[in-house]
Amino acid sequence: MKQAPESLGKVNIRDYEPIVGRGYIEELRMLASKLSGKTIQNINSTFIGGGVAEILSRLVPLLNQLGVNTRWHIIPGDAQFFEVTKKFHNSLHGKVESISDDELSLFLETTKRNLAQLDLAGDILFIHDPQPVALITKRDDIGGDWIWRCHIDISHPDSRIWQFLRQFVVNYDATVFSSPNFAQELPIRQFFAPPSIDPLSDKNRELPPATIDAILTKYGLSREKPMILQVSRFDRLKDPIGVIEAFDMVSKNFACQLVLAGGTASDDPESEEVLEEVKERAKDNPDVHILPIPPESDIDINALQSAATIIIQKSLREGFALTITEALWKAKPVVASAVGGIPLQVRNKFTGLLCHSVEGAAYALRQLLANPDYGRWLGNNGKEHVRQHFLITREIRDYLLMFLTLKRTEDIINL
Ligand code: UDP
């Protein structure tokens, strides 16, 4: 079992005081003090890449700073194991995958090997997503409270795979889902905690204007025309073609430019194909900029989001849509489809505009281009909404409260 890298820990809980207020941080300290002497053991399957690793890489050092002994390990697995767990991921999202009995056996065998090798210990075992879910089979030997944190929307899963995984889930003390809409009925306690962003990360901290300008120049973008931006992997579910169609309708009446920025993933064979389709669709329009962004370009993405006039997320399906959280935190007016976690973030006509079609997206874009003051008002409301609900300090508070209400912890702690 690999331990989290040493590079974690370059965060200071005090730096969040000017953002959420001293009282909020004091409350976190007070809650954390009740867990002193306890160990929280996080387990997932990767240190880098994806939202879970992103959140843990800040959460773990911050909890340690608050005095809660928090560890983070990943489970080992070979390519075949991760192929199976990727299929689990897709199946839980509702896609029908063919997963053979041999593949299920491989999953169980790997878990068994991991259990023989891993030094699992802690007062609270915080297990993230399906890859390590079956570690629970040894809970009687290991002890502690066990929580399964599911970051996936499993409201409409492929039932065979969900039944397979459910047999492990029901042995946990509790689950955490991002939203009640993402959950399943279970005979155990359920907590809800939406994802969060770190306002001090490279993706979200305020950048000097000179840095933003340099990055715009690097990508050949000008500040002259209002910029509509969608940041997304090149994936059909993000509907990049729909974004271009909406832009075509709008740009007949308003001088503006569209930027579609995002990466292609080596584990997603479709992304290159989608990127080519999008380039083909945009090739005759010099106001449409397709920017392939290399991985780990947080400052570039921050700069594009900071420079945008309007941020769009016209997805056909979504998880939580952290791109919207990031946009709102930068006080940008957003136009976004009413799918997945987006309506939790975009309160229509208060923190942004929701849309349901290409025409609806075009209508909302026109409204914002015609009335920048309205856009600023929405953006400022959106930033406050994120400050209240979707910053990492709130996720830490949710988890501390949850840890404190677990049965075994309650027995030990004098509340
Ligand atoms: N992102 C990125 N590079 C890209 C595209 C996206 O760093 O080329 C980031 C984006 O800023 C956000 C996350 O990846 O933090 C995407 O999360 P979201 O929930 O919006 O969508 P997902 O890709 O998980 O479906």
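The structure we're discussing is the one just above.
Residues numbered from 1 in each chain as written. Predicted model: local features only at pLDDT ≥ 70, side-chain atom pairs only at ≥ 80, totals over all residues. Heavy atoms only, no water.

This part takes up the overall build of the protein. The secondary structure content of the protein amounts to 17 helices and 13 strands. The C-alpha radius of gyration computed for the protein amounts to 22 Å, which stays within 12% of the reference 22 Å derived for 415 residues, consistent with globular compactness. In terms of overall dimensions, the protein has C-alpha extents of about 65 × 55 × 35 Å along its principal axes. Going through the 415 residues of the protein one by one, you find that 53% of them count as buried. Contacts spanning at least 24 positions in sequence make up 71% of the contacts within the protein whose residues lie at least 6 apart. Averaged over its 46 positive side-chain charges, the protein has a centre that lies 4 Å from the centre of its 54 negative ones. (Helix = DSSP H or I, 4+ residues; strand = E, 2+ residues; numbered from the N terminus. Rg over C-alpha atoms; globule rule 2.2 N^0.38 Å. Buried < 20%, exposed > 50% of the residue type's maximum accessible area, 1.4 Å probe, protein only. Contact = heavy atoms within 4.5 Å. Lys, Arg positive; Asp, Glu negative; His and termini not counted. Charge placed at Lys NZ, Arg CZ, Asp CG, Glu CD.)

Further remarks concern the site of the ligand. Near the ligand, the surroundings consist of Lys203, Val231, Ser232, Arg233, Lys238, Gly262, Gly263, Ile301, Ala321, Leu322, Thr323 and Glu326. In this structure, Arg233 approaches the ligand through a side-chain N or O atom, which is 2.8 Å from an oxygen atom. Between the ligand and Lys238, the relevant distance is 2.8 Å, taken from an oxygen atom to a side-chain nitrogen or oxygen of the residue. Within the complex, the protein chains bury 73% of what would otherwise be the 540 Å² of accessible surface of the ligand. The biggest single contributor to the shell around the ligand is helix H12 (residues 322–329), with 3 residues. Class assignment of the residues belonging to the shell around the ligand gives a composition of 4 nonpolar, 4 polar and 4 charged. (Near = heavy atom within 4 Å. Polar contact = N/O pair within 3.5 Å; in protein donor to acceptor, adjacent residues only side chain to side chain. Areas by Shrake-Rupley, 256 points an atom, 1.4 Å probe, with all protein chains shown as cover. Nonpolar A, V, L, I, M, F, W, Y, C, P; charged D, E, K, R; others polar.)

The interhelical angle for the contact between helix H14 (residues 358–370) and helix H15 (residues 372–389), taken along N-to-C directions, is 105°, at an axis separation of 5 Å. Judged by the angle between their axes, H14 and H15 are roughly perpendicular. Contact with H14, carried on its side by Gln367, Leu368, Leu369 and Ala370, involves Pro372, Tyr374, Gly375 and Leu378 of H15 and no other residues of that element. Partitioning the contact of H14 with H15 into residue classes produces 6 nonpolar, 2 polar and no charged. (Axes fitted to C-alpha atoms, helices over the stretch in contact; angles between N-to-C directions. Parallel < 35°, antiparallel > 145°, perpendicular 65-115°, else oblique.)

So, about the packing of aromatic side chains. This model, assessed by the stated rule, comprises 15 aromatic pairs. Note on Phe88 and Phe107: the rings are 5.0 Å apart at their centroids and 70° apart in plane angle, and the pair reads as edge-to-face. Separated by 19 residues along the polypeptide, Phe88 in helix H4 (residues 79–92) and Phe107 in helix H5 (residues 101–117) bring together distant segments of the chain. Classification of Phe107 as buried rests on a relative accessible area of 0%. Where Phe320 meets Phe390, the ring centres are 5.4 Å apart and the plane angle is 65°; that geometry is what we call edge-to-face. Of this pair, Phe320 sits in the loop between strand E11 (310–313) and H12 while Phe390 sits in the loop between H15 and helix H16 (392–405); the two residues are 70 residues apart in sequence, bridging distant segments of the chain. Overall, the relative accessible area of 8% leaves Phe320 in the buried class. Among the aromatic residues, ring-to-ring pairing joins Phe81, Phe82, Phe88, Phe107, Phe164 and Phe168 into one connected group. Positioned above the aromatic ring of Trp329 is the side chain of Lys383, whose terminal nitrogen or guanidinium carbon lies 4.4 Å from the ring centre. (Phe/Tyr/Trp six-rings, centres within 6.5 Å; stacked < 30°, edge-to-face > 60°. Lys NZ or Arg CZ within 6 Å of the ring centre and 35° of its normal.)

Of all hydrophobic cores here, the largest spans 37 residues; its most connected members are Ile396, Leu400 and Phe403. If one sorts the elements of this core by residue count, helix H3 (residues 51–65) sits on top with 8 residues. If sequence neighbours within four positions are ignored, Ile396 has contacts with Leu28, Leu59, Leu62, Leu63 and Leu66. Formed by 36 residues, the second largest nonpolar core is a distinct cluster that contains Ile212, Val231, Ala261 and Ala307. (Core = buried A, V, L, I, M, F, W, Y, C linked by side-chain atoms within 4.5 Å.)

Among all positions of helix H7 (residues 159–169), only Ile161, Trp162, Phe164, Leu165, Phe168 and Val169 are buried. Considered in projection along H7, the buried side chains sweep an arc of 160° and stay on one side of the axis. Buried residues along H7 sit against H4, H5, strand E5 (145–150) and strand E6 (174–177). (Arc of directions from axis to C-beta.)

Moving on, we get to the packing of helix H9 (residues 240–251) against H14. Each pair of packed helices gets described by two things: the angle between the helix axes and the distance between those axes. Contact pair H9 / H14: the axes reach a minimum separation of 8 Å and the direction vectors enclose 50°. Our classification of the angle between H9 and H14 gives oblique. Along this stretch, H9 crosses H14, giving a crossing that reads as right-handed. Facing H9, whose interface residues are Gly242, Glu245, Ala246, Met249 and Val250, H14 presents Val358, Glu359, Ala361, Ala362, Leu365, Arg366 and Leu369. When grouped by side-chain class, the residues that make up the contact of H9 with H14 number 8 nonpolar, 1 polar and 3 charged. (Left-handed = near helix turned anticlockwise from the far one by under 90°.)

The subject of this paragraph is the pattern of salt bridges. One pass over the full model with this rule turns up 26 salt bridges. One salt bridge in this structure joins Asp213 and Arg223, with 3.1 Å as the shortest N-O distance. Taken as a pair, Asp213 in helix H8 (residues 209–218) and Arg223 in the loop between H8 and strand E8 (227–231) lie far apart in primary sequence, 10 residues in all. Between Asp287 and Lys225 there is a salt bridge whose closest N-O contact spans 2.7 Å. With a gap of 62 residues between them, Asp287 in the loop between helix H10 (270–282) and strand E10 (288–292) and Lys225 in the loop between H8 and E8 connect regions that are remote in the sequence. You can call Asp287 partly exposed: its relative accessible area is 22%. Linked by salt bridges that have partners in common, Glu17, Glu26 and Arg29 make up one network. (Salt bridge = Lys/Arg side-chain N within 4 Å of Asp/Glu carboxyl O.)

In terms of strand pairing, strand E2 (residues 39–44) meets strand E3 (residues 69–74) through 6 bridges, oriented parallel. When the sheet's bridge partners are listed, Gln41 is paired in E3 with Arg71. You can see the chain leave E2, run along H3 and come back into E3, and the turn it takes is right-handed. (Pairing = 2+ DSSP bridges. Right-handed = clockwise from strand over helix to strand, strands pointing away.)

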